Amino acid sequence: MLIYLIKRLIGMIPLIIGITFISFIVIHLAPGDPTQFLSSMNPKVSETARDKFVKMYNLDKPVHVQYLLWLKKFVKFDFGESFSQDRKKVIDKVLERLPVTLWLNIASLALVFIIALPLGVLSAYMKDSVFDKALTIFVFVGFAIPTFWLALLCMYYFGVILGILPISGLTSYNFAELTFFGKIADIVKHAFLPVALSVFGSLAGLSRFSRNSMLDVLNEDYILAARARGIPENKIIFKHALKNALLPVVTILGLSIPGLIGGSVIFESIFSIPGMGQLFYQSVMMRDYPVIMGILVIGAFLTLLGNLLADIMYAVVDPRIRYRKKS
């Protein structure tokens, strides 16, 4: 297992370099450049200041030279400085936004697993019933509806017409004056719509996956044998079938890790949540190349790490895989 891990980690190095190279080229080929944004933010910026800005960040050099300079810093875990007026280091800007994105996405992911898994198992057990068909329609409606459109509708109905939920930010303007429980209630009210909409849009994938996995297990010979021996149906489902049906779900859990950090550009932009997704959107609009590359590299690394963790967890929970590897 140790040799396998070392090989996988070494194999991630050329993948990371390839991803960063392609990302760097694509970003720099996109229309617009940082000096245009600099001029738009401050029309009084002189030509000399623009030239100084370009030279300071090596924007006057060919793209491949810029990439090699960026890569030289990257191997030292230095993502550079942001082009924005605060001139903060990229890693500092990421660490500022990370906690908000992290707890929102953990809450969403936990709710998705809590709701989708029982629904998928029930749907498999009651295959082709009215409940199964109604649930299929419900989850696919959530999957098919454009997220931004549904978010705007919910903001208008719950925030403007009913006035029961806030529509932007994570806290109220008088947050500091609230009591401890008042602060918790305020945060929950602000996070309710983004989390609820995220859960609604994510139910289809996991519930259908768990349904199909459960159907495969229910058709296995050992389940038929258990029924033939007269074992109660609830014992067959929860003791024998459910455990094996949930094994593939471990893979999804591992692949969810990049999403926890990457954030949602749509949700965080629409609801003005100061997280990683909003930072990425603002950086793209400003052509803030160092921040864009920093977020993309972190996302790529976490995706590869998530794949590796999914493989490891699958081998841990399924003895058959370990047996094949030993042989």
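Now for a description of the structure that goes with this document. (Residues numbered from 1 in each chain as written. Predicted model: local features only at pLDDT ≥ 70, side-chain atom pairs only at ≥ 80, totals over all residues. Heavy atoms only, no water.)

**A short note on the packing of helix α5 (residues 90-125) against helix α8 (residues 180-218)**
This is how it is decided: Angles shown run from 0 to 180 degrees and are taken between the N-to-C directions of axes, each axis being a line fitted to C-alpha atoms and, for helices, limited to the stretch in contact. What counts as a helix is a DSSP run of H or I of at least four residues, what counts as a strand is a run of E of at least two, and both are numbered from the N terminus. The sense of a crossing depends on the near helix, which, turned anticlockwise from the far helix by less than a right angle, makes the crossing left-handed and, turned clockwise, makes it right-handed. Classification used: nonpolar for Ala, Val, Leu, Ile, Met, Phe, Trp, Tyr, Cys and Pro, charged for Asp, Glu, Lys and Arg, polar for all others including Gly.
Relative orientation of the contacting elements α5 and α8 amounts to 35°, with a least axis distance of 5 Å. Between α5 and α8 the crossing geometry is right-handed. Here the contact of α5 with α8 is built from residues that sort into 20 nonpolar, seven polar and two charged.

**Here we look at the packing of helix α7 (residues 147-161) against α8**
Convention followed: Roughly parallel refers to an angle under 35 degrees, roughly antiparallel to one over 145, roughly perpendicular to one between 65 and 115, and oblique to any angle outside these ranges. Here, two residues are considered to be in contact whenever any of their heavy atoms come within 4.5 Å of each other.
Two numbers describe how α7 lies on α8: the axes approach to 11 Å, and their chain directions differ by 140°. Put simply, α7 runs oblique to α8. For α7 against α8, the interelement crossing comes out right-handed. Every residue of α8 that contacts α7 at L150, A151, C154, M155 and F158 is listed here: L193, L197 and F200. Per-class residue counts for the contact of α7 with α8 are eight nonpolar, no polar and no charged.

**Comments concerning the nonpolar core**
This is how it is decided: Here, nonpolar core refers to any group of buried Ala, Val, Leu, Ile, Met, Phe, Trp, Tyr and Cys residues whose side-chain atoms link them within 4.5 Å. Accessibility here uses a 1.4 Å probe with only protein chains present; expressed as a share of the type maximum, an area under 20% marks a residue as buried, one over 50% as exposed, and anything in between as partly exposed.
Ranked by size, the top nonpolar core spans 29 residues in total, and within it L59, W70 and F74 carry the most contacts. Going through the elements one at a time, α1 (2-29), α3 (47-56), α4 (63-74), α5, α14 (276-286) and α15 (289-317) are the ones with two or more residues in this core. Ranked by residue count, the leading element in this core is α15, at ten residues. In terms of nonpolar packing, the next biggest core, distinct from the first, is built from 28 residues, L119, V139, L203 and A204 among them.

Take it as geometry only, folks, not as evidence of what the structure does.
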